[in-house]
Amino acid sequence: MEGTTRRIVRIGIDGLCLLTICVPTIVFKYGSIQPYRRGFYCNDESLNKPYKASTVGWNDTLITCVVLVTLMILLVELLQYFTAKNRDLLPGYPIGSVFFNDFFVKVYKYIGIYFFGLAFCMSFTDIGKFTIGRLRPHFLTVCLPNQTGWDTVLNCTGPIPGTWRYIEDDVCTGDPATVWEARQSFPSGHSAITWFAMLYCAIYLQVRMTWKFSVLLRHLLQACLLWMAFFTSLSRVSDYKHHPTDVLAGAALGILGTIFTIHWVPDLFGLPVRQDDEYVTTNKNGNRKISAIVHVPAKKLSRVSRDGFSMHVGEAEPKTELDDV
């Protein structure tokens, strides 16, 4: 029961952490906070691009980063589980009277960590958008400043002849929601979360897709994922939704988010793991048995093998069989 209680508490803490990392996005997107009101010059041609529909919309991005990645992880883990040579010996975990085999444990880990990293990137992106308040390339098109004589209404002429004044007043007459969105150019959210999702998935396939029936299938899938991220980033520039530097900053944020995420996932990419929990194995007679693993110091652990099982170096303290389930 102690192991069950510990796991329930751990799952609850994981859920709370996931909700907490989403707080900045929820507050900025659905709260009353306004992005920083950055001014502009009347003759700034970089802000006078036409307004175009997005080639890759926000819904398309969410479907790609949520549905596609989730389905890919589920499929790979199903194949891993059903093609395992000693499937009955794979570890599983009981929570109360419910037994979760290795498939569910792996899915919980890989998908849970993925969504935490995705929320991490989105929160950092929204913090940047609302703090910087950079204007999108189509800002003047949707702002629709009162143009009944720029010099008289906006007083665009600067103090020196031939110069332009920096306009900081609220002179927009366009749709408020569209203008609000047009003040959130830096960094590119599409670029950030797409690069995070596709790079995470590509590295995940490198680690977990280990079957030998095709040499190039895994690399083809990885190339397609990176193509999607690259195409999405370029489309944000060609659709005049972002400046090139916005997209570069978003891509860098997504890549750094991937590095941050995979660095703190112990047994996904070969980092030392702490083993102090009990697990369940099934013997040849079909009887499940709980084994308690005494904590092994990190210095006695080697890297984790590609199939997800830890490999010990040096002397580890012995396992103790508790009882039959």
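The shown structure was predicted, so the numbers you read here are calculated from the model rather than taken from an experiment.

Q: When you look at the nonpolar core in this model, what are you seeing that I'm missing?
A: Note that soluble globular proteins tend to have their nonpolar side chains buried in a common cluster. Counting 32 residues, the largest nonpolar core has Val69, Ile73, Tyr114, Tyr200, Leu205 and Leu225 as its most contacted members. Contributing elements (two or more residues each) for this core: α3 (58–82), α4 (102–132), α8 (189–208), α9 (217–238) and α10 (244–263). Ranked by residues supplied to this core, first place goes to α8 with 10 residues. Residues Phe139, Cys143, Cys172 and Val179 belong to the second largest nonpolar core, which totals 14 residues.

Q: It is not clear to me how the environment of His219 should be interpreted in this structure. Could you clarify?
A: For His219, the location among the structural elements is in helix α9. Along the chain, His219 and Gln206 lie 13 residues apart, while their C-alpha atoms are 8.1 Å from each other.

Q: How should the packing of aromatic side chains be read in this particular structure?
A: Centre-to-centre distance and the angle between the planes together describe a pair of aromatic rings. All chains considered together, the criterion is met by 14 aromatic pairs. Plain terms: the ring middles of Phe28 and Phe130 are 4.8 Å apart, the flat faces sit at 25° to each other, and that makes the pair stacked. Residue Phe28 is located in helix α2 (residues 23–30), and its partner Phe130 is located in helix α4; the two are separated by 102 residues in the primary sequence. Looking at Phe28, the relative accessible area reads 15%, which means it is buried. On the numbers, 6.5 Å between centres and 55° between planes, the contact of Tyr81 with Phe103 is tilted. A residue pair is termed long-range when its members are at least 10 positions apart, and Tyr81 in helix α3 and Phe103 in helix α4 qualify at 22 residues. For the pair Tyr81 and Phe103, a shared accessibility class is recorded, and that class is buried. Three or more aromatic residues link up through ring pairs in this structure, and these residues are Tyr81, Phe82, Phe103 and Phe104. We note Lys241 situated over the ring of Tyr51; from NZ or CZ to the ring centre the distance is 4.0 Å.

Q: Would you take a moment to explain unusual backbone geometry for this structure?
A: Outside of glycine, negative phi angles account for most residues, and trans bonds account for most peptide bonds. A cis geometry characterises the amide bond from Phe186 onward to Pro187, with omega recorded as -10°. Assignment of secondary structure puts Pro187 in the loop between α7 (176–182) and α8. Backbone geometry at Leu144 places phi at a positive 50°, although glycine is not the residue there. Take Leu144: it is sitting in the loop between α5 (139–143) and α6 (150–153). With a relative accessible area of 43%, Leu144 lands in the partly exposed category.

Q: I keep staring at a nonpolar patch on the surface and nothing clicks. Help me out?
A: Together, Phe213, Leu217, Leu220 and Trp227 make up an exposed nonpolar region whose accessible area comes to about 460 Å². For Trp227, the position within the fold is in helix α9. The exposure class assigned to Trp227 is exposed, which follows from its relative accessible area of 56%.

Q: Would you mind showing me how to read the confidence of the model for the protein here?
A: Where the model shows low pLDDT, its predicted coordinates should not be examined in detail. Per-residue confidence for the protein averages 79 on the pLDDT scale, and 74% of its residues sit at or above 70. Per-element averaging of pLDDT across the protein places strand β9 (residues 320–324) at the bottom with 35 and α9 at the top with 96. Contacts of residues 271–288 to residues separated by more than four positions or lying in other chains number 69 contacts, the stretch itself having pLDDT below 50. Residue range residues 290–325 is modelled with pLDDT below 50. Its contacts to residues more than four positions away, or to other chains, number 73 contacts.

Q: Sorry if this is basic, but what is going on with the packing of α2 against α4 here?
A: Helix packing for two helices is described by the angle between their axes and how far apart those axes are. Two elements in contact, α2 and α4, have axes whose closest approach is 8 Å; the angle formed by their N-to-C orientations is 40°. The orientation of α2 relative to α4 falls into the category oblique. With respect to the hand of their crossing, α2 and α4 are arranged in left-handed fashion. Residue-level contacts link Pro24, Thr25, Phe28 and Lys29 of α2 to Met122, Ser123, Asp126, Ile127 and Phe130 of α4. Residues of the contact of α2 with α4, tallied by class, amount to five nonpolar, two polar and two charged.

Q: Honestly, the side chain of Lys129 in this entry has me stumped. Any pointers?
A: By the element assignment, Lys129 lies in helix α4. As a buried residue without a salt bridge, Lys129 has its nearest oppositely charged side chain in Glu181, at a separation of 5.6 Å. Those residues within four positions of Lys129 in sequence are excluded, and the remaining contacts are Pro35, Arg136, Arg183, Gln184, Ser185, Phe186, Pro187, Ser188, Gly189 and His242.

Q: Explanation requested: α3 in the structure shown.
A: Since there are 3.6 residues in each turn of an α-helix, residues three or four apart along the chain are aligned in direction. Helix length check: α3, at 25 residues, gives a terminal C-alpha distance of 36 Å against a target of 36 Å (1.5 Å per residue), a fit within 8%. Maximum bend of α3: about 25°, positioned at Thr64. Residues of α3 that are buried: Thr61, Thr64, Cys65, Val69, Thr70, Met72, Ile73, Val76, Glu77, Gln80 and Tyr81. Elements that come into contact with the buried residues of α3 comprise α4, α8 and α9.

About the thresholds
- Residues numbered from 1 in each chain as written.
- Predicted model: local features only at pLDDT ≥ 70, side-chain atom pairs only at ≥ 80, totals over all residues.
- Heavy atoms only, no water.
- Core = buried A, V, L, I, M, F, W, Y, C linked by side-chain atoms within 4.5 Å.
- Buried < 20%, exposed > 50% of the residue type's maximum accessible area, 1.4 Å probe, protein only.
- Helix = DSSP H or I, 4+ residues; strand = E, 2+ residues; numbered from the N terminus.
- Phe/Tyr/Trp six-rings, centres within 6.5 Å; stacked < 30°, edge-to-face > 60°.
- Lys NZ or Arg CZ within 6 Å of the ring centre and 35° of its normal.
- Patch = residues over 30% accessible without salt bridge, like charges linked within 9 Å, V, L, I, M, F, W, Y side chains within 5 Å.
- Areas by Shrake-Rupley, 256 points an atom, 1.4 Å probe, with all protein chains shown as cover.
- Salt bridge = Lys/Arg side-chain N within 4 Å of Asp/Glu carboxyl O.
- pLDDT = per-residue confidence, 0-100.
- Contact = heavy atoms within 4.5 Å.
- Axes fitted to C-alpha atoms, helices over the stretch in contact; angles between N-to-C directions.
- Parallel < 35°, antiparallel > 145°, perpendicular 65-115°, else oblique.
- Left-handed = near helix turned anticlockwise from the far one by under 90°.
- Nonpolar A, V, L, I, M, F, W, Y, C, P; charged D, E, K, R; others polar.
- Lys, Arg positive; Asp, Glu negative; His and termini not counted.
- Expected span 1.5 Å × (residues − 1).
- Bend = angle between axes of the 7 residues up to and from the residue.

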